[in-house]
Each structure stands twice: as C-alpha cells, then as structure tokens.
Amino acid sequence: MAATNDVILASNVRELSEALGCSPDTLEDMRDLGVLASRGELWEVGPARDYLRDAAWADSLWS
C-alpha cells in the first residue's frame, strides 16, 4: 500500500473530525497510534484516511 501525503488545514478538532468523517474520539485514538500527525494547524491525514478505510472494510466483514 502506497503512503499518501494528504495535508489539510484544520484549526480545531471539530474541523478535523468533519474533514475525515469520524468522531473526535476516533481522532484521539489515531493520534495515540501515531496514524495522525499535526504540524500546528496542518494535519498529515493520508495515513489516517487509510486507517479509516481499512477499519470500515474490516468492520464490514464482521457485520
């Protein structure tokens, strides 16, 4: 899987949550796992998008 280097500008957790389409709790989990990295208000979200895509795919297997 190729790493994507998507960067977005989000000034707060709500904006970042909306941009990625996940809850603030999920953001915190991804931050703890090192999947989501901040550079001030710029967020490296490529790995986070991959993580969310893979989690949704895995969840569909168990549903």
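About the cut-offs
- Per chain, residue numbering runs from 1 following the sequence as it is written.
- Only residues with pLDDT of at least 70 are given local features in this predicted model, and only at 80 or more are side-chain atom pairs given and counted; all residues enter the totals for whole chains, interfaces and linings.
- For the side-chain quantities, the full set of heavy atoms in the structure was used; hydrogens and water were omitted.
- A run of H or I in DSSP becomes a helix once it reaches four residues, and a run of E becomes a strand once it reaches two; helices and strands are each numbered from the N terminus.
- Each polar contact in these results corresponds to two N or O atoms within 3.5 Å; when the atoms are within protein, one needs to be able to donate a hydrogen and the other to accept it, and residues that are neighboring in sequence are counted only if both atoms are side-chain atoms.
- Working definition: with a 1.4 Å probe on protein chains only, accessible area under 20% of the residue-type maximum means buried, over 50% means exposed, and in between means partly exposed.
- By definition, the arc is the one covered by directions from the helix axis to the C-beta atoms.
- Take a side-chain nitrogen of Lys or Arg and a carboxyl oxygen of Asp or Glu: if they are within 4 Å of each other, that pair is a salt bridge.

Draft legend 1. Local environment of the side chain of E44. Mapped onto the secondary structure, E44 falls in strand 3 (residues 42-44). At a separation of 3.3 Å, a polar atom in the side chain of E44 contacts the side chain of R39.

Draft legend 2. Looking closely at helix 1 (residues 13-20). Among the residues of helix 1, those classed as buried are L16, S17 and L20. Buried residues along helix 1 cover an arc of 100 degrees about the axis, so they all sit on one side. In this structure, helix 1 carries R14 and E18 as exposed residues pointing more than 90 degrees from its buried face. G21 sits one or two residues past helix 1 and shows a positive phi near 75 degrees.

Draft legend 3. Here's a closer look at the pattern of salt bridges. Inspection of every chain in the model, using the stated rule, returns 6 salt bridges. Among the salt bridges present, the one from E18 reaches R14, with a minimum N-O distance of 3.1 Å. With E18 and R14 both in helix 1, this residue pair falls 4 residues apart, about one helical turn. R39 is paired through a salt bridge with E44; the nearest N and O atoms lie 3.3 Å apart. For R39, a relative accessible area of 58% gives the class exposed. With relative accessibility at 13%, the residue E44 sits in the buried group. Among the charged side chains, a salt-bridge network with shared partners connects D50, R53 and D54.

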